[in-house]
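# Notes for the structure review
Here is how the chains run, residue by residue.
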Amino acid sequence: EISACLVGSEMCIRDRSGTHRELLLALCTNYDDWFADRVNQAIKGVTTNDKALIYSLLSHDVYERKEIADAYEKKFKKPIYQDVFTALSGEYRKFMSELLKFE
């Protein structure tokens, strides 16, 4: 049933763009994988998309952040902590790094 949803959605997604496409992708993507992608998109490149990064991490409790971190590491082959730490600086780096400590 899930694969049928993905196949059907992929056909719809090709014909869509912008917000509608993002909505369809979000509905058919694993929750943790979707947020792992959002974190990666927020921190890659020259500048950081602070709004997206903060939303992706602060809108979840510690258990959900752990699941997102696991999905991130599985997909991008690096710990989320490492990438976030590298992308940020100062007090912002310290704060966001604390959110990603799961011990």
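None of these values were measured; they are calculated from a predicted model.

To continue, consider unusual backbone geometry. Positive phi is not limited to glycine here, since K77 has a value of about 60°. Within the secondary structure layout, K77 lies in the loop between helix 5 (62–76) and helix 6 (80–87).

Below, the discussion takes up the side chain of R65. Mapped onto the elements of the fold, R65 is located in helix 5. Although R65 is buried, it forms no salt bridge, and the closest oppositely charged side chain is D61 at an N-O distance of 6.5 Å. There is a polar contact of 3.0 Å between the side chain of R65 and the backbone oxygen of L99.

Overall, the predicted model of the protein reaches an average pLDDT of 83, with 79% of residues at or above 70. Looking at the elements of the protein, mean pLDDT is at its lowest for helix 1 (residues 2–14), recorded as 48, and at its highest for helix 5, recorded as 95. Low pLDDT, under 50, characterises residues 1–7; the predicted model gives this stretch two contacts beyond four residues in sequence or across chains.

Definitions and limits used
- Residues numbered from 1 in each chain as written.
- Predicted model: local features only at pLDDT ≥ 70, side-chain atom pairs only at ≥ 80, totals over all residues.
- Heavy atoms only, no water.
- Helix = DSSP H or I, 4+ residues; strand = E, 2+ residues; numbered from the N terminus.
- Buried < 20%, exposed > 50% of the residue type's maximum accessible area, 1.4 Å probe, protein only.
- Lys, Arg positive; Asp, Glu negative; His and termini not counted.
- Salt bridge = Lys/Arg side-chain N within 4 Å of Asp/Glu carboxyl O.
- Polar contact = N/O pair within 3.5 Å; in protein donor to acceptor, adjacent residues only side chain to side chain.
- pLDDT = per-residue confidence, 0-100.
- Contact = heavy atoms within 4.5 Å.

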